[in-house]
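Given next are the chains, with one letter for each unit.
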Amino acid sequence: MQYILLLVIILLGFISCRESPTSVKIEEQVPQLGLITKNAMVVSAREEASKIGSQIMEQGGNAFDAMVATEMALAVCFPYAGNLGGGGFMVYRTQFGEIGALDYREKAPLKATKTMYLDENGNYLPEKSKVGGLAVGIPGTVAGIFKAHEKFGTLPIETILEPVIQLAKNGFKLTKAQAIRFNYYAPIFKKVNGAESIYTKTVSEGEIFKNEALASTLQAISDKGQMAFYKGAIAEKLAAFLKEKGSIITVKDLARYEAEWREPVTFNYKDLKVISMSPPSSGGICLAQILKSIEPFDLKQFGHNSAKYIQVLTEAERRAYADRSYFLGDPDFVDIPVDSLISDEYLKNRMDDFSFDQATMSTAISHGNIPGYESMETTHYSIVDQFGNAIAVTTTLNAAFGSKLYASELGFFLNNEMDDFSAKPGEPNMFGLIGGTANEIAPAKRMLSSMTPTLVEKDGDFWMSVGTPGGSTIITSVLQTILNVYEFDMTMQDAVDAPRFHHQWLPDVVQFEREGIDEKVLQQLKNKGYAIDRTNAIVLGKVDAILMLPDSTMEGGADRRGDDTAIGF
Ligand code: GLY
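So, here is what we can say about the structure in this document. (Residues numbered from 1 in each chain as written. Predicted model: local features only at pLDDT ≥ 70, side-chain atom pairs only at ≥ 80, totals over all residues. Heavy atoms only, no water.)

Observations concerning the overall build of the protein
Okay, step 1: Summing up its helical and strand segments, the protein has 18 helices and 21 strands in all.
Okay, step 2: A compact globule built from 569 residues should have a C-alpha radius of gyration of about 25 Å, and the protein, at 22 Å, falls within 12% of that.
Okay, step 3: In terms of overall dimensions, the protein has C-alpha extents of about 65 × 60 × 45 Å along its principal axes.
Okay, step 4: Expressed as a percentage of its 569 residues, the buried residues of the protein come to 63%.
Okay, step 5: In the form shown here, the protein has an accessible surface area of approximately 20400 Å², with 51% of it arising from carbon and sulfur atoms. (Helix = DSSP H or I, 4+ residues; strand = E, 2+ residues; numbered from the N terminus. Rg over C-alpha atoms; globule rule 2.2 N^0.38 Å. Buried < 20%, exposed > 50% of the residue type's maximum accessible area, 1.4 Å probe, protein only. Areas by Shrake-Rupley, 256 points an atom, 1.4 Å probe, with all protein chains shown as cover.)

As structure tokens, this is what we get:
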């Protein structure tokens, strides 16, 4: 029915896929359809990055070649979150149905200690894990793209990186949002770095922004491979720069860094098979816990974003984030009972004390027994190629422009991912997340993430690639996007555009986007004891996704909240 309606709309010529209004009751509007292509598609935070990724596939490359190109292009034209100085995760499903996950998350330096962000009296010094040299984790992105390319790539790395190098050299046009952002952060960059750089100048919308230093770094990586970054001249320059800025990262840390293949988290939700990121991301486990906890409820009958729907999701989220805080960390350092945490048996009882009459208080919820507030850093892209390979990749510097440290000779920003560790039990990180000992700092350990790059199969075939930025809110945005399509028959575009909400156990508050939720629903929730916050989350996530349609074409969903763009052929 949904697709017949869409076809009619196309025939009537009503479609303008990028003009979704900003304030909204999506379900009362004419469905908006995203870009439709037959063969391949990239949906990312920037038009230039989607275009370069798509062109690589048109040249005969596959989704993994396009991943390398898109990831590096985002580092050039979306330095807010795209990066060489950060890390990320990829989930893949090949044309043959093989699945896997790649972990190129940053690591703590060898000299890191459990108490490195505490003063002599044991008080937490929150700035130290967020800004400047001590906040930086060992970057993993360059190792990540080479690991993916080595296993699955088909085009030479020089061919893939060539258009990216040209983008850095010749520049890209700044969008309005970018110009505002660059100008906002310029004085902060100057203060943190103590020097002028290309990022401390005032810029305007439409201006061409070039980064020659980054073009040279990319050229060196193209010529000499990942070792140029981790062992060669770049490593030496980077380590010297970091040392000068108070970091404890050394050339030894860089030389030892390796990306890791991981088993993705897989589970069923009704007739869907969900494939998502495993630890050191909490994304897959939390998504599994929430979806399996809500599976017995008739969400469709409750209605999209109705009070009952919001209650059920909120209560499942509360319980999953309580478990996140207690159980999850780097699997190379802590034993995580993954199978138990997502088992039907365990989750069956987790919602037992939930009642539609009254909110559960987070103080009443702890982790189960096993026999924040943040804006939109991080970035996600989804790719499907003409051979049938599908990937979902989420990558980050953590905060906007990470630690704000800019290595001007190399042309990139450094992450502040160390803040994703639990610096002190009970102290919230920048996302308001409370961590436990499973996520305490240790040398060479990876910090826990919420990134949730996710693929979904239906009837054994690829169905959806989805993910988003948004720190702790990533998991709940991915959740709602899948439900929007599966339970509420939305198009991919409407599903990513629909208003969202979020709960994460602590603080005990349901965050809503400012627009698009019925006031009556909010009042009903307040009456049942839910604390509502509509001030902190201007937007929740910027979801980019691809949906396979029944006629084997695919629809892109590029979030209206950003400059996100779908391109394909
Ligand atoms: N830096 C945000 C996350 O990994 O969850």
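What about the pattern of salt bridges?
Okay, step 1: Applying the stated criterion across every chain, the model contains 23 salt bridges.
Okay, step 2: The residue R105 makes a salt bridge to E417 at a minimum N-O spacing of 3.2 Å. You'll find R105 and E417 in the same group, each marked buried.
Okay, step 3: Here K190 and E196 are joined by a salt bridge, their closest N and O atoms 3.1 Å apart. (Salt bridge = Lys/Arg side-chain N within 4 Å of Asp/Glu carboxyl O.)

Focus on the site of the ligand
Okay, step 1: In the vicinity of the ligand, the contacting residues are R105, N398, E417, D420, F431, S449, S450 and M451.
Okay, step 2: In the environment of the ligand, an oxygen atom lies 3.0 Å from a nitrogen or oxygen atom belonging to the side chain of R105.
Okay, step 3: S449 is positioned such that a nitrogen or oxygen atom in its side chain is 2.7 Å from an oxygen atom of the ligand.
Okay, step 4: Classifying every residue of the shell around the ligand gives two nonpolar, three polar and three charged. (Near = heavy atom within 4 Å. Polar contact = N/O pair within 3.5 Å; in protein donor to acceptor, adjacent residues only side chain to side chain. Nonpolar A, V, L, I, M, F, W, Y, C, P; charged D, E, K, R; others polar.)

Structural notes on the sheet that holds strand β8 (residues 265–269)
Okay, step 1: Read from one edge to the other, the open sheet built from seven strands follows the order β1-β20-β19-β15-β14-β9-β8, with strand pairing classed as antiparallel. Strands at the two margins of the open sheet, each flanked by one partner only, are β1 (36–37) and β8.
Okay, step 2: Of the strand pairs in this sheet, strand β15 (residues 461–467) and strand β19 (residues 544–548) are connected by four bridges, and their pairing is antiparallel. For V466, the partnering residue across the bridge sits in β19 and is A545.
Okay, step 3: Of the strands in this sheet, β8, β9 (272–276) and β14 (454–458) are in contact with helix α11 (residues 283–294), which crosses β8 at around 15 degrees. (Pairing = 2+ DSSP bridges. Contact = heavy atoms within 4.5 Å. Axes fitted to C-alpha atoms, helices over the stretch in contact; angles between N-to-C directions.)

Concerning the sheet that holds strand β18 (residues 532–533)
Okay, step 1: Within the open sheet, the three strands sit side by side as β16-β17-β18. Their pairing is mixed. Every interior strand has two partners, whereas the edge strands, β16 (501–502) and β18, have only one.
Okay, step 2: Relative to strand β17 (residues 510–512), β16 is paired through two bridges, and the arrangement is antiparallel. Counted as the bridge partner of H502 is Q511 from β17.

A word on the packing of aromatic side chains
Okay, step 1: Tallied over the full model, the rule gives 36 aromatic pairs.
Okay, step 2: A ring pair is formed by F64 and F152, whose centres lie 4.2 Å apart and whose planes are at 20 degrees; its orientation type is stacked. Residue F64 is located in helix α3 (residues 63–77), and its partner F152 is located in helix α4 (residues 141–152); the two are separated by 88 residues in the primary sequence.
Okay, step 3: For F64, a relative accessible area of 1% corresponds to the buried category.
Okay, step 4: These aromatic residues form a ring-pair network of at least three members: F78, Y80, F172, F182, Y184, Y185, F189, Y199, F209, F401, Y406 and F413.
Okay, step 5: The ring of Y80 carries R181 above its face, with NZ or CZ at 3.9 Å from the centroid. (Phe/Tyr/Trp six-rings, centres within 6.5 Å; stacked < 30°, edge-to-face > 60°. Lys NZ or Arg CZ within 6 Å of the ring centre and 35° of its normal.)

A few points about the side chain of S477
Okay, step 1: Checked against the element boundaries, S477 lands in helix α16 (residues 474–486).
Okay, step 2: Under the relative-accessibility criterion, S477 is labelled buried at 1%.
Okay, step 3: Excluding its chain neighbours within four sequence positions, the residues that come into contact with S477 are T468, R500, L540, G541 and V543.

A word on the nonpolar core
Okay, step 1: L287, L291, I294, L299, M464 and L483 are the most contacted members of the largest nonpolar core, which totals 90 residues.
Okay, step 2: For this core, the leading source of residues is helix α13 (residues 307–327), giving 10 residues.
Okay, step 3: In this view, L483 contacts Y269, L291, I294, L299, Y309, L313 and F488; residues no more than four positions away in its chain are not counted.
Okay, step 4: Of all hydrophobic cores here, the second largest spans 83 residues; its members include A69, A81, F146 and L238. (Core = buried A, V, L, I, M, F, W, Y, C linked by side-chain atoms within 4.5 Å.)

What about the pairing of strand β3 (residues 87–93)?
Okay, step 1: With respect to burial, β3 is a largely interior element, seven of its seven residues being buried.
Okay, step 2: Taking every second residue as pointing to the same face, both faces of β3 are buried, with G87, F89, V91 and R93 on one and G88, M90 and Y92 on the other.
Okay, step 3: Sheet analysis places β3 next to strand β11 (residues 390–396), joined by seven bridges and oriented antiparallel. Of the residues in β11, the one forming a bridge with G87 is T396.
Okay, step 4: Sheet topology note: the β3/strand β4 (residues 99–104) ladder contains six bridges and is antiparallel. Note on β4: the bridge partner recorded for M90 is L102.
Okay, step 5: Hairpin connection of β3 to β4: five residues between the antiparallel strands, including G97 at a positive phi of 85 degrees.

Re the packing of α11 against α13
Okay, step 1: Between α11 and α13, the shortest axis-to-axis distance is 9 Å and the interhelical angle comes to 145 degrees. Classified by chirality, the crossing of α13 by α11 is right-handed. Of the residues in α13, those touching α11 at C286, Q289, I290, S293 and I294 are V312, L313, A316, E317, A320, D323 and R324.
Okay, step 2: Considering only residue class, the contact of α11 with α13 consists of seven nonpolar, two polar and three charged. (Left-handed = near helix turned anticlockwise from the far one by under 90°.)

So, the environment of I517
Okay, step 1: With respect to the helices, strands and loops of the structure, I517 is situated in the loop between β17 and α18 (519–527).
Okay, step 2: Spatially, the C-alpha atoms of I517 and S403 are 34 Å apart, while their sequence positions differ by 114 residues.
Okay, step 3: For I517, the contacting residues outside a window of four places in its chain are N305, P499, F512, L522 and R534.

Here's the deal with helix α7 (residues 212–224)
Okay, step 1: Taking 1.5 Å of rise per residue, 13 residues should cover 18 Å, and α7 covers 18 Å from first to last C-alpha, within 8% of that figure.
Okay, step 2: Every buried residue belonging to α7 is among A213, L214, A215, T217, L218, I221 and S222, and all of these are buried.
Okay, step 3: For α7, the secondary structure elements touched by its buried residues are α3, α4, α5 (157–170), α8 (227–230), α9 (233–244) and β13 (412–413).
Okay, step 4: In the stretch just after α7, G225 is the one whose phi turns positive, near 85 degrees. (Expected span 1.5 Å × (residues − 1).)

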